[in-house]
Amino acid sequence: MSLIQPRTLKGFRDYLPEAMIPREQLIATAQQVYRSYGFSPIDTPALEYLEILTGKGSDETDRQLYKFQDHGGRDVGLRFDLTVPLARFAAQHVPKLGTPFKRYHIASVWRGENTQRGRYREFMQCDFDTIGTKSVAADIETGLVIHDLFQTIGFSKFTIRINNRMVLNGLLDKLGLASKSTEVLRALDKLGKIGRDKVAEEMTATAGATQEQAEQVLKLSDLAGSNAEILAQLAPLVSGSEIGEEGVSRLNEVLAGIAAAGVEEARIQVDVSIARGLDYYTGVIFETFLDDLPTIGSVCSGGRYDNLAGLFTKQELPGIGASLGLDRLLAAMEELEMLAKVRTPAPVFIPYFDGDRLGAYLKLAARIRGAGIGVEVYPDPKKLGQQLKYADSRGFSVAVIAGANEFAAETVQLKNLQSGESEEVSLAEGPNTLIARIRSILSIG
RNA sequence: GUGGUUGUAGCUCAGUUGGUUAGAGCAUCGGAUUGUGAUUCCGAGGGUCGGGGGUUCGAGUCCCCUCAGCCACCCCA
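All values derive from a computational prediction rather than experimental measurement.

About the thresholds
Residues numbered from 1 in each chain as written. Chains lettered and ligands numbered in written order. Predicted model: local features only at pLDDT ≥ 70, side-chain atom pairs only at ≥ 80, totals over all residues. Heavy atoms only, no water. Near = heavy atom within 4 Å. Polar contact = N/O pair within 3.5 Å; in protein donor to acceptor, adjacent residues only side chain to side chain. Helix = DSSP H or I, 4+ residues; strand = E, 2+ residues; numbered from the N terminus. Nonpolar A, V, L, I, M, F, W, Y, C, P; charged D, E, K, R; others polar. Pairing = 2+ DSSP bridges. Axes fitted to C-alpha atoms, helices over the stretch in contact; angles between N-to-C directions. Domains from an automatic or database assignment. Salt bridge = Lys/Arg side-chain N within 4 Å of Asp/Glu carboxyl O. Buried < 20%, exposed > 50% of the residue type's maximum accessible area, 1.4 Å probe, protein only. Contact = heavy atoms within 4.5 Å.

Focus on the protein's contact with RNA strand B
Okay, so step 1: Around RNA strand B sit 47 residues, and of these Arg117, Arg276, Asp392, Gln413 and Leu417 come closest.
Okay, so step 2: For RNA strand B, the fraction of protein-proximal atoms (within 4 Å) that sit in sugar or phosphate groups is 51%.
Okay, so step 3: At 2.7 Å from a sugar or linking oxygen of RNA strand B is found a main-chain nitrogen or oxygen belonging to Ser298.
Okay, so step 4: One of the side-chain N or O atoms of Ser301 is found 3.3 Å from a sugar or linking oxygen in RNA strand B.
Okay, so step 5: Elements supplying a minimum of two residues to the surface near RNA strand B: helix H3 (59-64), strand S6 (122-131), helix H15 (384-394), helix H16 (404-409) and strand S15 (411-416).
Okay, so step 6: When the residues that make up the surface near RNA strand B are grouped by side-chain class, the tally is 10 nonpolar, 19 polar and 18 charged.

In structure tokens, the structure reads:
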């Protein structure tokens, strides 16, 4: 019989323990931060009716969408983000849930696009959104969540770039480019990447803008200085446009609120050139870059939208949210060597040393686990040296070793696998001393 | 989807103008060492040379197609 070649589809990946452990850690961190602001978890199906997903119907999403007919002949598709499912979810359930509704959603999405470093066809997004309120408080809170998220993950150098679509729309309004806003903004969004001249070129080519109009838009890129200075320079550019002025004042409020919460100014940077490709943003926009690895792109992006569920309900549902690109962030952390090379989630190793004492090892393990510390007992009574070699290669922190001598003396040997040092710990008065010693080696108090 | 580039053991790579049975280091497993791991020594396993087709007496090597990785565009997390 011929063997089937084991393989995975382009852009789809297996996760080995050393990849999955940090992945789960990151998910746990995101959950913790989201919950600390009162966001509740939800989930939705991976598969949706095609019409739900193609509602916005751009060619690009169509190209990226995994779609097929199910066994009942229904046209279906795999979700390509978590925002569209949220819109459907909100239209269906908001009457029950009430607003404001704050949810987080951590799940895989699928896009059939070409792969690159940190870009896959199946990847995980960690979204959080607040729907049903237009309050600037929600805008501020979104910025704070992003900030806390990266701080808690362990980044000290990251920049949240912030802008407001109203500023851009106000300017385009004044210039008579409002009808071409998608093309103009898409070009503007590339400013950091392809430079001023190329952006102007693209604006004239794809949006039909005149040289002067392009120049006017690109004045945005001349703005420099502190956030307050940029906003001061911005005001005259949009003056006379109601929406533009509102955008500037809204930006001021958001910055003030984030500062009031104690976030240092260097973390938040007004960048009037970020636009986000997605059409549905209407207010504040966020993008998050890692200062040490800006080329990987934005690792957490989002913004405000006026009418999330307009395709599905007549009820107006404004909202704001952002999405952490978990897989892209992990690729970045890997490159920055921020991921510990641990291949075991349990720190304590018990060798199966004396072949007749399995029960004693299991009991010891159970007692340590009872104190909330993970323990692995080796399954075979192999030679101690081999078992320790295994423990070493998996990255265990401590080994609790007991053989005939130790059993006779009611002790165990506690071995610190990092330093190699061993100490004898008595079990005569129960496991508390041992657990305290393990805790101190693991530095968990 | 478009263009470029790469693909030899689990990993990093060598492999002569196309020429016998494709090699090394690391890793794995076993032993030296029946109570102590990251360093030593010995040995073993592991390859459809990414896959398919073609040229040739003969292909890891040349040609075509395909799959996968990386890079750029597009778009975006």
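Details of the sheet that holds strand S2 (residues 47-49)
Okay, so step 1: If you trace the 3 strands from one edge of the open sheet to the other, you get S2-S4-S3, paired in antiparallel fashion. Strand pairing shows two members of the sheet lacking a second neighbour, S2 and strand S3 (67-69), which therefore form its edges. Mean inter-strand twist for the sheet, computed between neighbouring axes without regard to direction, equals 35°.
Okay, so step 2: Direction of pairing for S2 relative to strand S4 (residues 75-78): antiparallel, over a ladder of 3 bridges. Bridge pairing links Glu48 to Gly77 in S4.

Examining the domain arrangement of chain A
Okay, so step 1: If you check the domain split of chain A, you get domain 1 (17-335) and domain 2 (348-442).
Okay, so step 2: When each unit is reduced to the centre of its C-alpha atoms, the spacing between domain 1 and domain 2 is 50 Å.

Here we look at the pattern of salt bridges
Okay, so step 1: Scanning all chains against the criterion turns up 16 salt bridges.
Okay, so step 2: Where Arg119 meets Glu113, a salt bridge forms, and the shortest distance between an N and an O atom there is 3.1 Å.
Okay, so step 3: Several salt bridges converge on common partners, so that one network encompasses Arg13, Arg23 and Asp327.

Some thoughts on unusual backbone geometry
Okay, so step 1: Here the amide bond leading from Thr99 into Pro100 is cis, since omega sits at -5°, within 30 degrees of zero.
Okay, so step 2: Assignment of secondary structure puts Pro100 in the loop between helix H4 (83-97) and strand S5 (101-110).

Comments concerning the side chain of Glu287
Okay, so step 1: Its location among the elements puts Glu287 in strand S9 (residues 284-290).
Okay, so step 2: Using a relative accessible area of 7% as the deciding quantity, one classes Glu287 as buried.
Okay, so step 3: In this structure, Glu287 is in contact with Thr159, Ile160, Arg161, Ile274, Arg276, Ser298, Cys300 and Ser301, ignoring residues within four places of it in sequence.

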